[in-house]
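Residues per chain, in single letters:
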Amino acid sequence: MTTRILGIESSCDETAAAVVADGRQILSSVVASQIDIHRKYGGVVPELASREHLRSIVPVVREALAQAGMALRDVDAFGVTCGPGLVGSLLVGLTYGKVLATSLGKPLVAVNHLEGHVHAVFLEAYRGSSQPELPAVCLIVSGGHTVLYEVSSPESAKPSGATIFAYRRIGQTRDDAAGEAYDKVAKLLAFGYPGGPVIDKLVARAIELGYDRLVPNPFGPTKLKGNPYDFSFSGIKTAVLYYVRAHPELHPEIERRQEALARGERSAATLLALSTPQTLALLAHFQRTVIAELVRRTIGAAAEFAARSVLVSGGVAANAGLRATFERETAEREVPVFFPSRELSTDNAAMIAAAAFAKLLAGDLADATLDARPILPLASPSAQAMLPVGDPKSGIGRS
Ligand code: KG4
Ligand code: ZN
């Protein structure tokens, strides 16, 4: 018999609902993005996010059921994100899930948002021919998180939708998340919000045109003491700021882009036409440096911990340059790399429903006392990661 779980995700600025069968097959997946609301502030405004979730949650859940051809009574269990994230946002999805489960007398499963991102990779792989083997090293890289886990299972090296994963945190960012660095650099140079997708497109063009060779890379590799699998992205963001200050010739084009954004003209083509080769080269070097850090440390961890596969998930996993670099570097080492599709890389509820399935089978259920957990680690740090570190961000907020 098939088990159909309705997943609900509202940890940040996406209200999402999805139905997944047996933790493997996506029957529907609906995501209502709030980007248009937060764009003018250059980042997510928590109060506005909660308000939008309240507006969207009921229609989004209805739409997910309609697309799956189901009624509420056909749902076997509810999976809800309980953390980490913005408390007001989390509470909306979690409360709605709780009410539905209680009123229908169906099981409720609490899911860690980060575990959802891990499951997104497996959900995608189930659609294809090859699947990740365990143990794996998983990089979750988004606007709120940059964290590296070892994913294993005592049961099997070849997981199914029902496999319970064990997680060990190998490293994490000590300051900004990688997606946050994209967004801040985009804000500084007037490329709009969110920064990642547009920078990704502009860099591809810059490299095609050979602009990256015009200007030497002003960013060196990030040096960190202690855990070699930690990350840091605030330095490169500040380096971009200093570069812009030291190059006043860039200021008029920044103003022109700001004016274009204010008129609502934010397509990559428009922004490209308003950017000099010098700026495009700067973006290319920024992206190359961020990718090099992510790939080098992830692959280093995969080698040290004898991973049989590398998994990459979260919004930044949609980056074409990151994917190509991971593909190249892992092929050389004969460790396969797995990414979710673009839709499953960014926040969605299918990954939450998938993560809920194994917990449901294991009887790991939540009850009416379930509360939102703005800070919720997926795993405690490994002995490696407990070497002296700076002041790691707690993982509050976006992921
Ligand atoms: O996982 P996600 O949808 O949400 C949260 O962070 O909550 O990730 C969004 C982040 C943003 O920082 C965005 O700039 C970044 O992912 N991002 C990208 C790309 N697409 C989204 N960064 C680099 N390249 C991309 N193609
Ligand atoms: Zn996320």
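What you see is a predicted model; the values in this text were computed from it and never measured.

Caption draft 1: Local environment of the packing of helix α5 (residues 178-188) against helix α10 (residues 277-304). Between α5 and α10, the least distance of the axes is 11 Å, while the angle of their chain directions is 170 degrees. Considered as vectors, α5 and α10 are oriented roughly antiparallel to each other. Here Ala178, Ala181, Tyr182 and Val185 of α5 come into contact with α10, specifically with Leu283, Phe286, Gln287, Val290 and Leu294. In terms of residue class, the contact of α5 with α10 is built from 8 nonpolar, 1 polar and no charged.

Caption draft 2: Region of interest: the side chain of Glu150. Locating Glu150 in the fold gives a position in strand β7 (residues 146-152). What makes Glu150 buried here is its relative accessible area of 14%. Residues within four places of Glu150 in sequence aside, it is in contact with Pro135, Ala136, Ala166, Tyr167, Arg168, Ile170 and Phe305.

Caption draft 3: Structural context of the sheet that holds strand β3 (residues 25-33). A sheet is described by the order of its strands in space; here 5 strands give the open sequence β3-β2-β1-β4-β5, paired in mixed fashion. If you trace the sheet from one side to the other, it starts and ends with β3 and β5 (108-112), each paired once. Recorded for the sheet is a direction-independent mean angle of 20 degrees between the axes of neighbouring strands. Here helix α4 (residues 113-127) sits on the sheet and contacts β1 (4-9), β2 (14-21), β3, β4 (77-83) and β5; the angle it forms with β5, its principal contact strand, is near 95 degrees. Where helix α13 (residues 350-361) meets the sheet, its contacts fall on β1, β2, β3, β4 and β5, and the angle it forms with β1 comes to roughly 130 degrees.

Caption draft 4: Looking closely at the packing of helix α7 (residues 234-246) against α10. Between α7 and α10, the least distance of the axes is 11 Å, while the angle of their chain directions is 165 degrees. When the interaxial angle is binned, α7 and α10 end up roughly antiparallel. Crossing angle aside, the handedness with which α7 passes α10 is right-handed. Where α7 approaches α10, its residues Ile236, Val240 and Tyr243 are matched on the opposing element by Gln278, Leu282, Phe286, Thr289 and Val290. When grouped by side-chain class, the residues that make up the contact of α7 with α10 number 6 nonpolar, 2 polar and no charged.

Caption draft 5: Seen up close, unusual backbone geometry. Pro84 follows Gly83 through a cis peptide bond whose omega is -10 degrees. Residue Pro135 follows Leu134 across a cis peptide bond; omega there is 0 degrees. By secondary structure assignment, the location of Pro135 is in the loop between α4 and β6 (136-141). With a phi angle near 50 degrees, Asp22 is a residue other than glycine that sits in the positive phi range.

Caption draft 6: Quick peek at the nonpolar core. Formed by 56 residues in total, the largest nonpolar core has its most connected members in Leu189, Leu283, Phe286, Leu294, Val312, Leu322 and Phe326. Here this core gets 13 residues from one element, more than from any other, and that element is α10. Leu6, Ile8, Val30 and Val75 belong to the second largest nonpolar core, which has 24 residues in total.

Caption draft 7: Spotlight on the sheet that holds strand β8 (residues 166-172). Taken together, the 5 strands give an open sheet; going across it, the order is β8-β7-β6-β9-β10, and neighbouring strands pair in mixed fashion. Where the open sheet ends on each side, the last strands, each with one partner, are β8 and β10 (337-338). Bridge analysis of β7 against β8 gives 6 bridges, and the strand direction is antiparallel. Among the inter-strand pairings, Val147 is bridged to a residue of β8, identified as Gln172.

Caption draft 8: Just the side chain of Asp13, in detail. You can see Asp13 is positioned in the loop between β1 and β2. Residues contacting Asp13, with those up to four places away along its chain left out, are Ala32, Ser33, Gln34, His38, Val44, His53 and Tyr193.

Caption draft 9: Representation of helix α6 (residues 195-208). In this model, α6 (14 residues) spans 20 Å end to end at C-alpha, consistent with the 20 Å of a helix rising 1.5 Å per residue. The complete set of buried residues in α6 reads Gly195, Gly196, Val198, Ile199, Asp200, Leu202, Val203 and Ala206. Buried positions along α6 lie against α5, α9 (268-273), α10 and α11 (320-333). Looking one or two residues beyond α6, the residue adopting positive phi is Gly210, at roughly 75 degrees.

Caption draft 10: Region of the structure containing the confidence of the model for the chain. When the pLDDT values of the chain are averaged, the result is 93; 95% of them are 70 or greater. A low-confidence stretch, residues 383-399 stays under pLDDT 50, and its non-local contacts, those more than four residues away or across chains, total 48 contacts.

Caption draft 11: Representation of the pattern of salt bridges within the structure. Going through the model one piece at a time under the given rule, you end up with 20 salt bridges. We note a salt bridge from Arg39 to Asp36, for which the minimum N-O separation is 2.7 Å. With a shortest N-O distance of 3.9 Å, Asp364 and Lys359 are connected by a salt bridge. Judged by its relative accessible area of 42%, Asp364 is partly exposed.

Caption draft 12: Representation of the environment of Asp76. Structurally, Asp76 is set in the loop between α2 (46-68) and β4. The exposure class of Asp76 is partly exposed, given its relative accessible area of 25%. Taking C-alpha positions, Asp76 is 10 Å from Val19, a pair spaced 57 residues apart along the chain. Not counting the four nearest positions on each side in its chain, Asp76 is found in contact with Thr2, Thr3, Arg4, Lys106 and Pro107. A polar atom in the side chain of Asp76 sits 2.7 Å from the backbone nitrogen of Arg4.

Quick notes on the rules
- Residues numbered from 1 in each chain as written.
- Chains lettered and ligands numbered in written order.
- Predicted model: local features only at pLDDT ≥ 70, side-chain atom pairs only at ≥ 80, totals over all residues.
- Heavy atoms only, no water.
- Axes fitted to C-alpha atoms, helices over the stretch in contact; angles between N-to-C directions.
- Helix = DSSP H or I, 4+ residues; strand = E, 2+ residues; numbered from the N terminus.
- Parallel < 35°, antiparallel > 145°, perpendicular 65-115°, else oblique.
- Contact = heavy atoms within 4.5 Å.
- Nonpolar A, V, L, I, M, F, W, Y, C, P; charged D, E, K, R; others polar.
- Buried < 20%, exposed > 50% of the residue type's maximum accessible area, 1.4 Å probe, protein only.
- Pairing = 2+ DSSP bridges.
- Left-handed = near helix turned anticlockwise from the far one by under 90°.
- Core = buried A, V, L, I, M, F, W, Y, C linked by side-chain atoms within 4.5 Å.
- Expected span 1.5 Å × (residues − 1).
- pLDDT = per-residue confidence, 0-100.
- Salt bridge = Lys/Arg side-chain N within 4 Å of Asp/Glu carboxyl O.
- Polar contact = N/O pair within 3.5 Å; in protein donor to acceptor, adjacent residues only side chain to side chain.

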